[in-house]
Amino acid sequence: MADQGKLVLEALAGRRTTRTPIWLMRQAGRYLPEYRAVRAKAGSFLDLCYNPDFATEVTLQPIRRFGFDAAILFSDILVVPHAFGQNVWFAEGEGPRLDPVTDREGLGRLAGAIDLERLAPVFETLKRLKAELPADVTLLGFCGAPFTVASYMVAGKGTPDQAPIRLLAYRDPDFVTALIDRLVKGSIAYLCRQIEAGAEAVQIFESFAGALAPSLLPRWSVEPIRRIAEGVRARHPDARIIVFAKGAGAHMAAYAPFADALGVDWASDPAEADALIPAGLAAQGNLDPLALIAGGEALETGIDAALAGFRNRPHIFNLGHGIRPETPIAHVERLVERVKGARR
Ligand code: CP3
């Protein structure tokens, strides 16, 4: 069996594992001095994403240091708009910036189909990672969900409550539909190529599910992600797909029919989330990233709650959102030790 010993793949196949596997969203990043050193050499953040030597190195750093059970490709969700020809850059200390696309005319200036050639360094990085990773570590690819990516494309930056795209979705639903359609097709092509380059499972990040009113969630979030999952499986029937819909809360089960695991964010109580997720489906999550920063009692209680809440299903331990730059390394070491040492 190709996936023998890969605990993350075991959980994604719906099997109980001998211990709970663990990886962390944003596990390669600024809380690690070795990441900051490579980042300084690389120049801009996108230069880092598009340089296979550097991107491979920073992906491997947290695996070497902590022994995580999965490695996630080092890249960003905004390389997709970039590969459609949108101008994307990362302003130092400010986050992502894009030339906004707010109407049909703007969309017309972008490429009709994603230019996968522009993403060739990403596939090269995956190929190298597949060759270099220890045999028991699962290689994950990813993309952003269409609504989350579109929110950046429309606003040209991160926004507190994604108001620009939400307003446009009311005023000009045809335009937003066209934008999302394009992202659905591009994401299918992109994820398929990631799988062909070596990704053993992929995660779809819907970071802003919580910005959508429940009545709007099916059209702008659930359906686009369902179409991506179906499109990927049409070419790769055994593709493993994790859906992380942050803020979906009580509606998280809407994504279950086409997911191999549901990511659970930190705002959900693990036991309550467990009750919402269909039996046998893997859950991933959901320690509060702030409990990891705090350490001590907060960390121990948080770990116990997640392990207990998901003990009756396949569980992949993770944070309930990305790790933050100010996280002490000793707390991450403690987390991994506790989770790897816990009996199932
Ligand atoms: O998880 C990993 O280690 C893989 C790499 C990864 C990054 N971004 C690296 C990154 C992944 C999976 C992402 C996803 C991503 N990017 C999301 C979805 C997940 C989430 O957090 O909700 C979103 C919304 C983005 C867009 C993005 N990229 C923002 C808003 C920022 C700036 C915020 C910040 O932390 O600075 C980025 C930059 C970014 N992406 C960094 C990293 C390590 C920090 C940039 C740096 O090193 O200067």
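Residues numbered from 1 in each chain as written. Predicted model: local features only at pLDDT ≥ 70, side-chain atom pairs only at ≥ 80, totals over all residues. Heavy atoms only, no water.

(A) Layout of the site of the ligand. Surveying the vicinity of the ligand reveals 21 residues, the closest of which are R26, R30, Y35, D76 and S207. Between the ligand and Q27 there is a distance of 3.2 Å, counted from an oxygen atom to a backbone nitrogen or oxygen. Here H321 contributes a side-chain N or O atom positioned 2.7 Å from an oxygen atom of the ligand. (Near = heavy atom within 4 Å. Polar contact = N/O pair within 3.5 Å; in protein donor to acceptor, adjacent residues only side chain to side chain.)

(B) Main features of the pattern of salt bridges. Tallied over the entire structure, the rule returns 21 salt bridges. One salt bridge connects R338 with D304, and the closest N-O pair in it is separated by 2.3 Å. Pair noted here: R338 is in helix 15 (residues 329–341) and D304 is in helix 14 (residues 296–309), with a separation of 34 residues, a long-range link. R338 sits in the buried class, given a relative accessible area of 19%. Classification of D304 as partly exposed rests on a relative accessible area of 39%. Two residues, E337 and R334, come together in a salt bridge whose shortest N-O distance is 2.8 Å. In this pair, E337 and R334 are both assigned in helix 15, 3 residues apart and thus about one turn of the helix distant. Look at E337 and you get exposed, because its relative accessible area is 51%. (Salt bridge = Lys/Arg side-chain N within 4 Å of Asp/Glu carboxyl O. Helix = DSSP H or I, 4+ residues; strand = E, 2+ residues; numbered from the N terminus. Buried < 20%, exposed > 50% of the residue type's maximum accessible area, 1.4 Å probe, protein only.)

(C) Fine view of the packing of helix 2 (residues 33–42) against helix 4 (residues 52–66). Two elements in contact, helix 2 and helix 4, have axes separated by 10 Å at closest approach and are oriented at 175 degrees. Considering the angle they form, helix 2 stands roughly antiparallel to helix 4. Taken together, the residues of helix 4 that come into contact with helix 2 (itself represented by P33, E34, Y35, V38, K41 and A42) are F54, E57, V58, Q61 and R65. Residue composition of the contact of helix 2 with helix 4, grouped by class: 6 nonpolar, 1 polar and 4 charged. (Axes fitted to C-alpha atoms, helices over the stretch in contact; angles between N-to-C directions. Parallel < 35°, antiparallel > 145°, perpendicular 65-115°, else oblique. Contact = heavy atoms within 4.5 Å. Nonpolar A, V, L, I, M, F, W, Y, C, P; charged D, E, K, R; others polar.)

(D) Examining the pairing of strand 6 (residues 241–245) more closely. By the criterion of burial, strand 6 is predominantly enclosed, with 5 of the 5 residues buried. Pairing between strand 6 and strand 7 (residues 261–263): 3 bridges, direction parallel. The residue bridging F244 from the neighbouring strand is G263, located in strand 7. (Pairing = 2+ DSSP bridges.)

(E) Fine view of the packing of aromatic side chains. Under the criterion given, the structure shown has 10 aromatic pairs. Centre to centre, the rings of F45 and F90 are 4.6 Å apart; their planes meet at 65 degrees, and the pair counts as edge-to-face. Here the residue F45 occupies a position in helix 3 (residues 45–49), and F90 occupies one in strand 2 (residues 88–91), the gap between them amounting to 45 residues. Taking relative accessible area as the criterion, F45 reaches 12% and is therefore assigned buried. (Phe/Tyr/Trp six-rings, centres within 6.5 Å; stacked < 30°, edge-to-face > 60°.)

(F) Geometry of the nonpolar core. Y190 and Y255 are the most contacted members of the largest nonpolar core, which totals 130 residues. Looking at this core element by element, the count peaks at 14 residues for helix 10 (residues 173–197). Not counting chain neighbours up to four residues away, the residues in contact with Y255 comprise A209, L217, S221, V222, I225, V243, A245, A248 and L262. (Core = buried A, V, L, I, M, F, W, Y, C linked by side-chain atoms within 4.5 Å.)

(G) Structural context of the pairing of strand 2. Pairing of strand 2 with strand 3 (residues 95–98), which is carried by 4 bridges, proceeds in the antiparallel orientation. Residue F90 lies in a different strand from strand 3, and its bridge partner there is P96. Taking the residues between adjacent antiparallel strands as the criterion, strand 2 and strand 3 are bridged by 3 residues, where G93 takes a positive phi near 75 degrees.

(H) Molecular detail of the packing of helix 9 (residues 163–171) against helix 10. The interhelical angle for the contact between helix 9 and helix 10, taken along N-to-C directions, is 120 degrees, at an axis separation of 5 Å. Considering the angle they form, helix 9 stands oblique to helix 10. Where helix 9 abuts helix 10, its residues I165, L168, A169, Y170 and R171 lie against P173, F175 and V176. Its residues assigned to classes, the contact of helix 9 with helix 10 comprises 7 nonpolar, no polar and 1 charged.

(I) Looking closely at the sheet that holds strand 9 (residues 315–319). Spatially, 1-4-5-6-7-8-9 is the arrangement adopted by the 7 strands of the open sheet, whose pairing is parallel. Unpaired on one side and paired on the other, strand 1 (70–72) and strand 9 mark the two borders of the sheet. The average angle at which neighbouring strand axes cross in this sheet is 25 degrees, direction not considered. Here 5 bridges tie strand 4 (residues 138–144) to strand 5 (residues 201–206), and the two strands are oriented parallel to one another.

(J) A look at the side chain of T148. With respect to the helices and strands, T148 occurs in helix 8 (residues 146–155). Among the residues examined, T148 registers a relative accessible area of 0% and is labelled buried. When near neighbours in sequence (up to four residues on either side) are disregarded, T148 contacts I77, F205, E206, S207 and F208.

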